[in-house]
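Now for the letters of each chain:
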There are 2 protein chains.
Amino acid sequence: MTSTPLAPGSAGTPADRAPVRAAYFVSDSTGITAETLGNALLANFPGFTFVRHTIPFVDSPEGAANVVRDIAAAHGRGLAPIVFTTTKDAAVDSVLAAAPATRIDLLGGHLTDLEGALGTTASEQLGQFHTVGDTERYFARMRAVEYAIEHDDGQSSRALDLADVIIIAPSRCGKTPTTMYLALQYGLLVANYPLTDDDFPTDGLPRLVAPYGARCFGLTTTPLRLSQVRHERRPNSTYSSLAQCTLELRRAEELYRRTRVPFLNSSTKSVEEMSAVILQTLKVRP
Amino acid sequence: MTSTPLAPGSAGTPADRAPVRAAYFVSDSTGITAETLGNALLANFPGFTFVRHTIPFVDSPEGAANVVRDIAAAHGRGLAPIVFTTTKDAAVDSVLAAAPATRIDLLGGHLTDLEGALGTTASEQLGQFHTVGDTERYFARMRAVEYAIEHDDGQSSRALDLADVIIIAPSRCGKTPTTMYLALQYGLLVANYPLTDDDFPTDGLPRLVAPYGARCFGLTTTPLRLSQVRHERRPNSTYSSLAQCTLELRRAEELYRRTRVPFLNSSTKSVEEMSAVILQTLKVRP
């Protein structure tokens, strides 16, 4: 710690401006909500490095006391911790409040606002229940993931008529992760089909997917990136050469335009972004 | 709309207490953060039915005006909308503020708190960038999903030594969706292996996974639920009979205990919850 006085108008203490900080995501459940929103908030501060810790299932004052010890240790190492919490139990919250850290309560204030809007109080025990809706969602996801595995990479056309979405693209443009994300996150039946040399002599869509043109969505990428990804699989092959990648992407994009299949460049998009665009374009959000 | 006066002490207007409400998740990006946190908040109000709408990529005042029109229409139908927003642009926000709805800003206040804690202001342009870290994460997820497909259901042992996690369980206990979630969400290499009759004569773990006992995690469920799930695949078979399911689960749980493989009952847990427990138990959180 330095004792240099801060310039007038600057905020916080020197420790508050340290470029490496500890970030804790503390939850009474899985921690996924705390991680998702906490990381979305931290992404606005690219000048800092955050050492992240997710601590799920903190549902007792004893559990909370362990977390406070961890946070105090990070504070002792000069990491001025930020703590994102989604805990709902008052006893747990009051223990966490004692941690030497900036605490950001991701639920509390919003819950109070919602109670006002709905004219009722939140039933505190919730989040523990496993409802019929959960079971249905579970089965839907299980079916969707199995469907995606069976129909990955054009392996099967058995139940292609049931597909909500069919992703088409040359090899290694990102079909599989996007397929799987749509299946898991939304329970959609998603198939994918690789465009190969055999698919280009004809004018229309490949024979297998042609009956379902309205459910098709194309992916493309940049030749350089495709070459890089293919190189990982088959180094120094024709398959991974820049010339071959350029040719395949050009033919694929021409096919998408000719057959009016909507498409997207995957090179600067995350799996989540591509999934959101596909849902919106094909209007299949469940 | 009724004009019955509210009892003293009750909050809000009669429309505020209507059991069916519209919920909007409005984002300038994918909408996933808004959906995740919004749904976590709404789960506390089980007495209400929420008609949900996710509207991603709202990044212009014109886009926001369209959303306000949708919200106004829902309001006109008596659905007293609740609007969760994760938009960051001031012009977009001021358009949304005009919607006839309860607005819950999931980012704004927290961002201000974070700016105070970090002694700096958020760079507004962020969230748009696609960084080297994103590309690395993309490749890691792609590899992880492909690994999961290759090593699903004991189909391959080619690279089992690379697995971060090996999920073992009798058929239809939920191995596949949990495997895929761990791969997609965390980029972990996850294999899964089905326990069958062949695996029980010996005392130890099945031969294929025995070298990697410390990375194994078992799943179990209730006989009734297992029978129900199996019945969907093969109705009225021995495979789906309650007697067979009871036997297989009992033998699997004995195996987990004998070989000290940690395990979990999947019947009352979501895929997210199981994943969080597995990460915590095996200490493989990336």
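Residues numbered from 1 in each chain as written. Chains lettered and ligands numbered in written order. Predicted model: local features only at pLDDT ≥ 70, side-chain atom pairs only at ≥ 80, totals over all residues. Heavy atoms only, no water.

Selection criterion: UniProt positions are given in the numbering used here, feature names are shortened, and annotations may be inferred rather than shown by experiment.
As recorded in an unreviewed UniProt entry, chain A goes by Putative phosphoenolpyruvate synthase regulatory protein and comes from Microbacterium hominis. Checking UniProt for chain A, the heading Sequence similarities (unreviewed entry) contains the comment "Belongs to the pyruvate, phosphate/water dikinase regulatory protein family. PSRP subfamily."

Details of the pattern of salt bridges
Filter applied, for reference: When a carboxyl oxygen of Asp or Glu is within 4 Å of a side-chain nitrogen of Lys or Arg, the pair counts as a salt bridge. For the purposes of this entry, the term helix denotes a DSSP run of H or I that reaches at least four residues, the term strand denotes a run of E that reaches at least two, and both are numbered from the N terminus.
Taken as a whole, this structure holds 18 salt bridges over all chains when the rule is applied. Glu146(B) is the partner of Arg172(A) in a salt bridge, and the nearest nitrogen-oxygen pair spans 2.7 Å. Of the two residues, Arg172(A) sits in the loop between strand S5 (165–170) and helix H6 (175–186) while Glu146(B) sits in helix H5 (residues 132–150), which places them in two different chains. Here the salt bridges share partners, and the residues they tie into one network are Glu146(A), Arg172(B) and Arg233(B).

What to know about the relation of the copies chain B and chain A
Convention followed: All copies are superposed by least squares; the fitting set is the C-alpha atoms of residues with a pLDDT of at least 70 in both. Contact definition: two residues touch when any of their heavy atoms are within 4.5 Å.
Structural alignment of chain B on chain A gives an RMSD of 0.1 Å, achieved by rotating through 180° and translating 0.0 Å along the axis. The transformation just described matches what one would write down for a two-fold rotation axis. Taking the C-alpha atom as reference, chain B places Ile149(B) closest to the rotation axis, 3.2 Å from it. With an isologous cut-off of 70% or more, the 100% of interface residues of chain B that recur at the interface of chain A puts this contact in the isologous class.

Comments concerning the sheet that holds strand S2 (residues 49–55) of chain A
The strands that make up a sheet pair up through hydrogen bonds in the backbone, lying either parallel or antiparallel. Residues and elements named next belong to chain A. Threshold: In short, DSSP must find at least two bridges between two strands for them to pair. To obtain an axis, a line is fitted to C-alpha atoms, over the contacting stretch when the element is a helix, and the angle between two such axes runs from 0 to 180 degrees between their N-to-C directions.
Across the sheet, four strands lie side by side as S2-S1-S3-S4; this open sheet has parallel pairing. The sheet is open, and its two borders are formed by S2 and strand S4 (102–105), each paired with just one other strand. Neighbour-to-neighbour, the strand axes of this sheet turn through a mean angle of 20°, independent of strand direction. Packing against the sheet, helix H1 (residues 32–42) makes contact with strand S1 (20–26), S2 and strand S3 (82–85), and its axis sits at approximately 150° to S1.

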